[in-house]
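Structure assessment
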Amino acid sequence: MAALLIFCATYLVLAIGRFPGLRVDRTGATIIGASFMVAAGVLSFDEALHAVDWATLVLLLGMMIVVANLRLSGFFRLVAAVVVRHAHGPRMLLAGIVAVSGFFSAFFVNDTMCLVLTPLVLEVTLSLRRNPVPYLLAVAMASNAGSTATITGNPQNMMIGQLSGIPYRDFAQALSPIAAVSLVFTYFIILFIHRREFTRERFDAGDDLRIRLHRPLLWKSITVAVGMVGSFFAGWPVAQVAIVAGAVMLVTRRIKPEKIYHDIDWSLLAMFAGLFVVVSGVEKTSLEQDLFAVARSFGLHRPAVLTGFAALLSNVVSNVPAVLVFRPVMAKLPHPDQGWLTLAMASTLAGNFTILGSVANLIVVQRARLKVQITFWDYFKAGAPLTLITLAVGALWLTYWR
């Protein structure tokens, strides 16, 4: 009973953002929940430590360090600026933004791409006297869609990659086609919803874009990043490769380590650790068997059904907590790998449904709010149809994937 109460209270905060009447956020809730699992005797302290999937945290940390160096070197802004300079019309600009946001989100975490691209896209569109909203929506939605493709695209995929043991290359082969199709739909749906913006009028994005580059760091970061991704596809252990790449980037005489540490999302790492403990505690109850019984009754082994449940839960409690709720069920499915891939696809693409569906969406809205307001309806009228279409495509693809 104690485990179930702690679990329900933790997920309540994850769903609404804060505990009613208290200044407890999502990260704090998972830390409190994990601590109470030990205090209530549900788990011993050693069991709690063993419940944490340290490989997932190591992978996240390593990726954050590499991405922080790429950002500080000016790499992402350079790529975005090159695309913008070669866009001679609103449709080309939209296509370039979708391509850049989607492609790099697949390898270097979608939240980072939103942090980097939002101010640049805002600067360019305002200087050209265009409506920034559809282009900013493209940044957010394409980052979610593109991040579906690989294990390192977003935090929930990293978790699924470690929990499932699916090789990086196999994961990418299964989900990259869905990500590519989703990016195409992202482009055309935004184009249709905001068709007045995308006339055939040509423009010059201008040479007044100034990009500061730290050239030694840029070349080092590119070399390490390419080697890291190549090692992923070669079948090397993802977490080990990521943390070694991060360690190599920390060996420097030019960059203060505080700048790197500032870019690491420590609260996300803490939330992951707490969630692992909370879910491990509730697995000691009958809830695991109850969930499996419910899964069997609804036919959760079918990708279409699992897609629906995963998308719904991801929009209620967020995608990372949703993934852990499904963890006990996955191993008992007839085709566990298919289940894990479906969960990765659905929990990621569901993030495009509303502004609140993904951290990437919130980053774009918050970073742009001083110059342009993106309302719930602005996002929803493009995000809702995009989500429904891409989830249907993904479920259909994975139904016949082998």
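Let me begin by describing the structure that accompanies this report.

Calculation rules
Residue indices begin from 1 for each chain and proceed along its sequence in written order. Owing to the predicted nature of the model, reporting of local features is limited to residues with pLDDT of at least 70; listing and counting of side-chain atom pairs is limited to 80 or more, with chain, interface and lining totals taken over all residues. To obtain the side-chain values, all non-hydrogen atoms of the structure were used and water was disregarded. Detection works on a 1 Å grid of protein atoms alone, calling trapped sets that fit a 1.4 Å probe cavities and calling open sets with protein on both sides within 12 Å along at least five of seven lines pockets, with lining residues defined by an atom within 4 Å of a point. Grid points are joined across faces, edges and corners, and a volume is the space filled by probe spheres set on the points. Only DSSP runs of H or I reaching four residues or more are called helices, and only runs of E reaching two or more are called strands; each is numbered from the N terminus. Each residue receives one of three labels: charged for Asp, Glu, Lys and Arg, nonpolar for Ala, Val, Leu, Ile, Met, Phe, Trp, Tyr, Cys and Pro, and polar for the others, Gly being one of them. Within this scheme, the nonpolar core is defined by two criteria: the residues are buried Ala, Val, Leu, Ile, Met, Phe, Trp, Tyr or Cys, and they are joined through side-chain atoms within 4.5 Å. Each residue's exposure class comes from its accessible area (1.4 Å probe, protein chains only) as a fraction of the maximum for that residue type: buried when under 20%, exposed when over 50%, partly exposed otherwise. Whether two residues are in contact is decided by their heavy atoms, any of which lying within 4.5 Å being enough. Axis geometry follows a simple rule: fit a line to the C-alpha atoms, using only the stretch in contact for helices, then measure angles between N-to-C directions, giving values from 0 to 180 degrees. Each angle receives one of four descriptions, namely roughly parallel if under 35 degrees, roughly antiparallel if over 145, roughly perpendicular if within 65 to 115, and oblique otherwise. Working definition: rings of Phe, Tyr and Trp (its six-membered ring) pair if their centres are within 6.5 Å, and the pair is stacked with planes under 30 degrees apart, edge-to-face with planes over 60 apart, and tilted otherwise.

Side note on empty space enclosed by the protein
- The tally for this structure, following the rule as stated, stands at 3 cavities of 30 Å³ or more.
- In terms of lining, the largest cavity is formed by Ala80, Val83, Val84, Gly96, Ile97, Val100, Leu117, Leu120, Val121 and Val139.
- Listing elements by their share of the lining of the largest cavity, those giving two or more residues are α5 (75-85), α6 (90-108) and α7 (110-127).
- Along the lines of polarity and charge, the residues of the lining of the largest cavity split into 9 nonpolar, 1 polar and no charged.

Some thoughts on the nonpolar core
- Formed by 138 residues in total, the largest nonpolar core has its most connected members in Tyr11, Phe76, Leu94, Phe108, Leu175 and Met228.
- Contact partners of Leu175, with chain neighbours within four places excluded, come to Thr148, Ala149, Leu341, Ala344, Met345 and Leu398.

Here's the deal with the packing of helix α1 (residues 2-16) against helix α2 (residues 26-39)
- One can describe the packing of α1 onto α2 by two numbers: an axis separation of 9 Å at closest approach and a directional angle of 175°. The orientation of α1 with respect to α2, classified from their angle, is roughly antiparallel. Residues Ala3, Ile6, Phe7, Thr10, Val13, Leu14, Ala15 and Ile16 of α1 form the contact with α2, whose participating residues are Arg26, Ala29, Thr30, Gly33, Phe36 and Met37.
- For the contact of α1 with α2, the class distribution of residues is 10 nonpolar, 3 polar and 1 charged.

Some thoughts on the side chain of Asn69
- In this structure, Asn69 sits in helix α4 (residues 54-73).
- Look past the residues within four positions of Asn69 in its chain and what remains in contact with it is Leu217, Ser221, Met249 and Ile260.

Notes on the environment of Val279
- Within the secondary structure, Val279 sits in helix α14 (residues 266-282).
- Under the relative-accessibility criterion, Val279 is labelled buried at 2%.
- Separated by 253 residues in the primary sequence, Val279 and Arg26 place their C-alpha atoms 15 Å from one another.
- Here Val279 is in contact with Tyr11, Leu324 and Arg327, once residues within four sequence places are set aside.

Some remarks on the packing of aromatic side chains
- Tallied over the entire structure, the rule returns 16 aromatic pairs.
- Ring plane angle 65° and centroid distance 5.4 Å describe the contact between Tyr135 and Phe198, whose orientation is recorded as edge-to-face. Highlighted residues: Tyr135 in helix α8 (residues 132-147) and Phe198 in the loop between α10 (168-193) and α11 (215-234), separated in sequence by 63 residues.
- Taking the relative accessible area as the measure of exposure, Tyr135 reaches 0% and is therefore buried.
- By relative accessible area, which is 3% here, Phe198 ends up buried.

Side note on the layout of surface pockets
- The space that makes up the largest pocket amounts to roughly 870 Å³.
- Forming the walls of the largest pocket are 36 residues, and the residues nearest its centre are Arg26, Ser318, Ser358, Val359 and Leu362.
- The set of elements that each furnish at least two residues to the lining of the largest pocket consists of α1, α2, α7, α9 (155-164), α14, α16 (303-317), α17 (319-330) and α19 (359-368).
- For the lining of the largest pocket, the leading source of residues is α19, giving 5 residues.
- A per-class count over the lining of the largest pocket returns 14 nonpolar, 16 polar and 6 charged.
- Roughly 540 Å³ of internal volume is contained in the second largest pocket.
- Around the second largest pocket sit 25 residues that line it, and Arg71, Asp111, Thr112, Leu115 and Asp263 are the ones nearest its centre.
- Within the residue set of the lining of the second largest pocket, elements represented by two or more residues are α4, α5, α7, α13 (257-263) and α19.
- Looking at which element gives the most residues to the lining of the second largest pocket, the answer is α4, with 6 residues.
- Counted by class, the lining of the second largest pocket contains 16 nonpolar, 3 polar and 6 charged residues.

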